[in-house]
Structures are given as structure tokens and as C-alpha cells.
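Fold and geometry: a report
Here is what each chain is made of, one letter per residue.
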Amino acid sequence: IKPLLDDESQRPRVITPFPSPKLTDLSMFQGEHKESLYWGTYRPQMYFGVRARTPKSLVAGLMWLVMKDGKPVMRHFCENSNDLKSFGWKEHNGRDFGRQELFEQNMVLETSFVKSEEGSLGYGGDWSIRINVQNMLNDDEVKRTSGSRQDVGNWQMHLKSQNHLETHYCGFKTPDIVNLSGLVQQNLTAQEEKSGLLQLSDSSEDSSNIYVFQISTTNQSTIDIAFVSGIKEETSNMENRIMSLTGLPLSSLLEEKHIAFNAKFNECFNLSDKLDPETLVVGKAAIGNMLGGIGYFYGQSKIHFPKSPLAKSEDDFLLYWPAELYTAVPSRPRFPRGFLWDEGFHQLLIWRWDVHITLEIVGNWLDLMNIDGWIPREQVLGAEALSKIPKQYVVQFPSNGNPPTLLLVIRDLINGIRTEKFNEADRDKILSFLDRAFVRLDAWFKWFNTSQIGKEKGSYYWHGRDNITNRELNPQSLSSGLDDYPRASHPNEDERHVDLRCWMYLAADSMNSIQEFMGKNDILVTEDYSSIAKLLSDFTLLNQMHYDKDHGAYLDFGNHTEEVRLVWKEVIHEDGHLSRELVRETYGKPELRLVPHIGYVSFFPFMFRIIPADSSILDKQLDLISNGNIVWSDYGLLSLAKTSSLYMKYNSEHQAPYWRGAIWMNMNYMILSSLHHYSTVDGPYNSKARTIYEELRSNLIRNVVRNYDQTGIIWEHYDQTKGTGEGARVFTGWSALILLIMSEEYPLF
Ligand code: 6A9
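Parameters and conventions
Residues numbered from 1 in each chain as written. Predicted model: local features only at pLDDT ≥ 70, side-chain atom pairs only at ≥ 80, totals over all residues. Heavy atoms only, no water. Helix = DSSP H or I, 4+ residues; strand = E, 2+ residues; numbered from the N terminus. Contact = heavy atoms within 4.5 Å. Polar contact = N/O pair within 3.5 Å; in protein donor to acceptor, adjacent residues only side chain to side chain. Phe/Tyr/Trp six-rings, centres within 6.5 Å; stacked < 30°, edge-to-face > 60°. Salt bridge = Lys/Arg side-chain N within 4 Å of Asp/Glu carboxyl O. Buried < 20%, exposed > 50% of the residue type's maximum accessible area, 1.4 Å probe, protein only. Near = heavy atom within 4 Å. Areas by Shrake-Rupley, 256 points an atom, 1.4 Å probe, with all protein chains shown as cover. Nonpolar A, V, L, I, M, F, W, Y, C, P; charged D, E, K, R; others polar. Core = buried A, V, L, I, M, F, W, Y, C linked by side-chain atoms within 4.5 Å.

What to know about the environment of H168
In this structure, H168 sits in strand β12 (residues 166–172). When the C-alpha positions of H168 and Q214 are compared, they lie 4.9 Å apart, and in sequence the two are 46 residues distant. Residues within four places of H168 in sequence aside, it is in contact with Q199, L200, D202, V212, F213 and Q214. Only 2.9 Å separates the side chain of H168 from the side chain of E166, close enough to count as a polar contact. Of the polar contacts made by the side chain of H168, one reaches the side chain of Q199; its length is 3.3 Å.

Now the structure itself:
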């Protein structure tokens with residue numbers, strides 16, 4: 001048992017940083033690298049927002065007004081509603097260029113972002129925004145604002161429009177950035193009373209920290225906004241800088257970047273001759289949105305910490321140290337913040353585009369590790385991130401993990417070096433990254449290997465499932481990432497989760513590879529990773545613990561009965577009042593046994609290629625995968641088998657099935673990777689694997705493309721019977737793995 005307080009600092013350990021040099025301090029992330037990534041569209045939570053990668057950056061963002069039921073509505077933060085038909089990046093290179101389209105009721109907004117080489121050193125260079133408005137019912141005009149700050153020097157923002165537009169402008173002072181659109185709208189409404197128009201007040205307070213430009217147009221129009229910083233004195237050079245980022249020069253710069261994006265897309269993913277144009281569009285949207293969704297966040301997580309052993313309280317939390325996080329996000333409108341296991345999947349795609357971005361993002365995440373080797377799963381950093389999440393989900397529990405998918409990426413990078421995918425300079429960077437990362441990865445492994453360990457040797461289970469509640473049909477396991485995927489009905493310490501066991505195998509095996517690769521003498525060796533990996537890939541042992549002969553499937557083990565159901569009951573509360581509530585009733589006797597739910601969890605030994613290529617068990621897995629009565633569909637593999645007693649079952653009155661049938665891309669990608677693998681190795685089942693591989697791959701692509709054609713959106717998950725997109729809209733996190741499926745890029749082991 002670890003002491004609660006850190007010896008040295010006397011601070012609670014849960015909020016004490018891991019005591020080793022930070023990855024983000026590595027020299028590879030300074031200088032030119034830092035400068036080149038300084039400004040970006042790092043506010044994925046906004047329909048269009050720009051900021052710098054510095055804690056309290058100057059920010060820019062777009063708002064627009066639409067009439068809805070006769071009332072003006074302001075758009076600013078991305079919303080998950082379908083008011084906007086769709087929106088997203090058509091192209092984005094993660095560095096200095098992006099082009100987005102937003103489909104509003106009666107118009108299409110196109111927003112482009114581009115950086116120039118010009119600009120003073122140290123402030124990340126100049127940049128420009130072009131906003132193009134089309135389909136709505138005149139000499140050049142210029143407006144400008146300016147200011148001075150330590151992190152950008154003297155700056156100016158120049159607004160130029162190509163057609164005649166009516167513009168108004170006001171400045172005001174507010175500490176509140178979250179409710180900005182509300183504040184602006186109030187100002188508009190006040191004006192409306194005076195003038196009958198929705199018009200800004202054309203005023204400016206002293207020391208304003210917010211400037212709002214209002215542009216009104218009845219035509220198709222284009223507005224360019226150029227930002228220049230680090231201004232020393234107003235010389236003719238200034239004029240050139242603004243000129244080059246507006247009007248025709250901006251048009252050609254954007255065109256140049258557009259061409260370069262497409263060339264790089266072809267080079268990285270090599271799809272053009274294999275796939276039709278509609279599919280290519282989706283592939284570009286996948287990488288564009290993945291890169292365009294990268295954000296920069298700054299703030300402090302809330303970490304659960306009981307203040308009194310007697311009573312639970314609302315402020316049973318401590319603040320983590322103030323931290324920055326540069327990360328991709330799963331969904332801009334719905335989940336615009338970092339998620340640990342999502343990030344590993346994101347980076348499988350991103351490293352193939354820009355390995356430097358990947359290294360820095362993985363570094364940022366590893367720097368969030370505390371002294372116990374724990375990394376908080378969900379990162380809610382800063383006011384804007386907080387505004388997008390219900391209160392009860394904010395606090396993170398230090399007992400809870402999340403799959404170590406970052407190791408999938410690290411293993412990919414190592415294999416990339418082995419197969420000479422990188423040039424020498426990049427290879428050196430990856431190696432010095434790993435050199436510094438090793439102690440943290442080692443601590444991460446130990447955190448899992450102590451806190452999530454099961455009773456039997458070589459067994460593990462996701463800790464933290466609620467074993468008291470009677471409000472859930474099957475107590476969830478958010479840690480696993482598979483939330484409501486059914487596990488043993490009655491959680492206890494006898495549980496063994498087959499997915500976690502396989503993740504631990506991946507972790508041990510990756511650590512072993514890093515050691516071998518780096519040379520054991522160069523790094524501190526604290527665990528015998530090779531023996532642990534051997535133990536966890538021992539086929540006989542795995543089968544003894546998790547294989548069910550009757551089903552031919554790998555299953556969890558635990559205290560379980562199938563005889564549970566939700567029923568309405570009269571409940572008497574402490575204060576004596578009665579209410580009718582849905583509660584779980586157990587009418588069977590739970591016993592220690594394999595848990596008979598077949599689904600994604602059952603395929604982990606297959607995903608991690610622990611099954612020998614000549615084993616008849618492999619044949620069984622192929623049968624299960626391709627069986628239309630179990631998990632196979634024309635749209636991809638179902639998360640839970642149709643034969644499972646909890647297939648598509650609500651977990652409580654308001655908890656709709658989530659991982660109980662729907663089709664998810666990350667797991668389909670993993671299973672597909674292994675089908676690909678088993679189709680290429682020698683063995684009696686390789687042609688069977690090949691056939692299933694081909695069919696699953698084309699089912700997945702066809703369905704995502706069909707949905708994109710119909711809705712303009714990539715979705716969080718897809719319906720198990722009709723294939724229609726559902727869940728969060730514009731979910732271009734791991735669903736974007738469809739691009740790697742198109743290009744047939746899979747992890748090597
Ligand atoms: C709930 C609701 C306004 C759930 O993609 C992020 C995660 C995955 O890591 C996880 O595996 N998603 C998956 O099961 C979304 C998690 C959202 C949790 C917060 C708040 C807010 O709605």
C-alpha cells in the first residue's frame with residue numbers, strides 16, 4: 001500500500017507529478033518545431049477558432065447569426081444538434097493550412113486558415129483567415145484593430161472584404177470567454193430596440209479585451225482577416241505582410257496549400273488508383289478532420305480525493321497541477337477534449353502523416369502522469385472544455401485506468417524504424433523520445449500491473465466497477481473504454497477480464513521491444529518484460545483461464561448469473577417518501593464461471609495475435625466473426641452478439657445500449673488488422689482469413705461512405721441492423737481509422 005502523501009513534497013501523491021524530466025522539454029520540441037506549431041486552429045470546440053499554443057493565448061473565433069423560429073440564434077461553440085446539416089474540415093495539414101465547410105440552413109460558409117512564412121521570429125509568424133459566404137439573398141474596405149502583448153508583441157488584425165459589406169465593430173471587457181456569444185447577442189439586441197436592426201453598438205470600452213466585428217451581407221461574399229504580430233515599427237514591410245495574406249495573393253497561397261495537401265495525401269495513403277472518387281473524399285475528410293480537430297488545452301483536472309472518511313461531499317477532489325495538453329479530440333461538437341485511449345487510435349493515423357506531431361502529442365500525455373504512474377483518462381482542462389461536460393463526469397478517479405493504446409503507437413514507430421520507414425533525422429528523434437519516455441512507460445506498466453491485477457497469476461480485471469448498485473442491469477466499466485459492454489453480473493475480486501489481460505500482453509511486449517531495440521544497457525531495466533510477455537502470451541494458460549469450448553470463444557470470468565432483469569419497484573427513501581424506480585432484480589444465484597457474452601472482448605486474443613496460425617481455435621474465431629447470427633453484419637462487426645442476453649438492452653431507465661450491439665470503428669480496425677495478418681502468414685486458415693478480410697473491409701468502407709454521402713458526417717458508431725450513423729455527430733476520432741482501412745495500413749507485430 002502506497003502512502004497518501006509524497007515524502008518529499010508532503011503533497012498528496014495523486015496530484016504529485018512523476019519525478020522525471022518532461023518529454024515536452026526535449027529539444028526536438030523547441031525552436032523551429034515550436035515556432036512552426038505556434039498558431040493553429042487549436043480550438044476544436046468552436047466552429048472556427050484560432051489560438052496559439054500558450055496557456056493564455058490571444059484567441060480568435062467566428063460567430064454568426066441565423067434566424068430560427070423568428071428569433072436570432074448565435075452560432076459559436078460547435079453543437080451536436082442537427083441545426084447545421086454538417087460541418088468539417090475538407091482538408092487540413094495539422095500545421096499551416098486548413099479548409100472547412102459549414103452547411104447552415106440557407107448558406108454555406110467556407111472557412112480557410114493559412115500561415116505565411118513572413119513574420120517576426122518568436123511569435124509563430126503571420127496568419128490569415130478567409131471566410132466565404134455563399135447562397136444568400138460592391139470597392140475594398142479595411143477595418144483594423146491592434147494591441148500589444150508579451151507573447152505576440154505588437155499585433156494588428158486587418159479585415160478586408162471583396163464586396164461591399166456593412167461592418168460594425170465594438171470592444172468590451174469581460175473575463176468570460178465561455179459565454180461570449182451570449183454577451184455579443186445581448187449587445188445586438190440592445191441595439192435592435194434603438195434602431196430596429198441587429199447591429200453592434202459601434203463603441204469600445206477602454207482596455208477592452210474582446211473585439212467583435214459584425215459583418216452584414218446580402219450577397220455572396222469573401223472576407224479576409226490577416227493577423228500580423230511582432231511589429232517593431234510601421235514600415236512598408238507591414239503593408240507587404242498584409243497584402244500577401246489578403247486578396248489575390250491569399251487566393252494563390254491557399255491554392256498552393258490545397259495542391260500540396262492533395263499531393264501529400266496521395267503520397268501517405270496511396271489510394272488513388274484503388275478507390276472511387278466518393279471514397280477518396282471521405283478519406284480526405286477523415287485525415288482533415290483528425291488534424292483539424294487537434295486542440296491545445298490548458299487547465300487543471302479535478303481528481304477524486306475523499307476529504308472525510310465519514311461523509312461524501314461535492315468537493316471531494318483535488319486539483320491536478322496546471323497542465324497543457326496538445327491533443328486530438330474524438331468529436332468537436334460532443335467530446336471536444338482529450339481521452340487517453342482514444343488518443344492511441346488517433347495517433348495510428350496521425351503518425352503516418354506527421355510523426356513530429358505524434359511524438360509531441362504522446363509526450364504531452366505521458367507528461368500528465370503522476371508519481372504513481374497513473375494518467376487521468378478524460379482531460380477536462382480550462383473553462384471552454386468544462387462548459388461541454390455535465391458536472392458529474394468531471395472528476396477523475398485515480399483508481400481507474402484506460403487501455404494503454406499509446407503503446408500501439410510506440411510499437412508502430414519501432415516497427416517503422418525496423419522497416420526503414422523513417423529518415424535518419426526522424427529515426428534519431430524517435431529514439432531520443434523513447435529514451436526519455438522509458439521510465440514513464442515503465443511506471444505506467446507498473447501502475448496497471450499492481451492496481452489492476454487479479455487473484456490468479458496472469459489475470460487482470462478493470463477495477464472500480466460498482467458492486468453495490470442495484471440501478472444498473474450490469475455495472476459499467478468505463479475504465480475499459482467499452483463502458484456498458486456486459487461483464488460478470490456481480491463484480492468482485494475473482495473477476496478476470498480477457499481484454500485487459502491482452503492489453504497487458506501488448507504493454508509487456510512493447511516494453512520488451514523497446515528494451516531490445518534500445519539496448520538493455522542504455523536504459524534502466526526494472527521488470528523482466530520478456531518473461532511477463534511470455535507468460536501472457538502462453539496459449540495454454542490463456543485457454544485455461546478464458547476459453548470456452550462450448551462457444552469456441554474467449555470469455556471473461558467472474559461471479560455471474562444470467563438471471564437478472566430490471567423491474568419497476570416502489571422504493572422507500574430515507575425521508576420516508578415513496579417513488580417508483582427501475583431497479584435490478586437477481587433471481588438466479590451468481591457463481592464463479594465464464595461469462596457467456598460474446599462480442600468485442602471475446603476477440604482480444606485474436607486481435608493481439610496470441611492464437612497460433614495453425615490452431616483449430618483460430619478456425620473457430622473465424623467462424624464466430626463471419627457468422628451472421630452472431631456478430632457479422634453487412635456494415636461491420638457488432639460490439640455484442642445477437643445471441644447475448646444483454647444484446648441491445650438498456651442498462652437503466654435512461655442508459656441506452658452503447659457497446660451492446662452498435663458497430664464501432666476502433667475495434668473493427670483491430671480485428672480487421674488481425675484478419676489481414678492471418679491471411680498473410682502460412683497456415684491452414686489463411687485463405688479463409690483472406691476471404692473474410694476482403695468482405696469485412698469492403699462492408700466497412702461502403703457503409704461509412706454511404707452515410708457520409710447522405711449526411712456529410714462521420715459518426716461515433718453505426719447501427720447494427722441498418723448501418724446508419726448514430727451517437728455523436730462529426731465523430732472524427734477513431735472512426736477516421738476508416739482511412740487506414742482504405743489504404744490497408746495495419747500495425748505490424
Ligand atoms: C459523457 C456526455 C453532452 C465513450 O470517445 C470518448 C469516449 C471513449 O473513450 C469511450 O470508449 N466516449 C466511449 O465509450 C465518449 C465519452 C463521453 C463521456 C462523457 C458526457 C456529454 O454529452
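Structure shown, so let's carry the discussion forward.
Examining the packing of aromatic side chains
The final tally for this structure, using the stated rule, is 43 aromatic pairs. Judged by centre distance (6.3 Å) and plane angle (35 degrees), the ring pair of Y169 and Y211 falls under tilted. Here the residue Y169 occupies a position in strand β12, and Y211 occupies one in strand β13 (residues 210–216), the gap between them amounting to 42 residues. Measuring from centroid to centroid gives 5.7 Å for F345 and W734, while their planes differ by 90 degrees, and the two rings are edge-to-face.

So, the pattern of salt bridges
Here the idea is simple: oppositely charged side chains can pair when their charged atoms come close. Evaluation of the coordinates by the stated rule reveals 36 salt bridges. R43 is paired through a salt bridge with E384; the nearest N and O atoms lie 2.7 Å apart. For the pair formed by R43 and E384, the shared burial category is buried. Residues K446 and D442 are paired through a salt bridge, measuring 2.9 Å at the closest nitrogen-oxygen approach. You can see K446 and its partner D442 sitting in helix α10 (residues 424–451), 4 residues apart, about one turn around the helix. For K446, a relative accessible area of 27% translates into the label partly exposed. The network of salt bridges with common partners includes K68, R75, D83 and E104.

Side note on the site of the ligand
Taken together, 16 residues lie around the ligand, and W341, D342, G481, D483 and W659 are the ones closest in. In the model, an oxygen atom of the ligand is placed 3.0 Å from a nitrogen or oxygen of the D483 side chain. Protein contact buries 85% of the 560 Å² of open area that the ligand shows by itself. By residue class, the composition of the shell around the ligand is 10 nonpolar, 1 polar and 5 charged.

Considering the nonpolar core
Counting 207 residues, the largest nonpolar core has F269, F345, F433, W503 and F608 as its most contacted members. Here this core takes 12 residues from helix α11 (residues 498–518), the largest share from any one element. With near-sequence residues (within four places) excluded, F433 lies in contact with L23, L26, M28, F29, L359, V362 and G363. Judged by nonpolar contacts, the second largest core, of 9 residues, contains M74, L200, I210 and V212.

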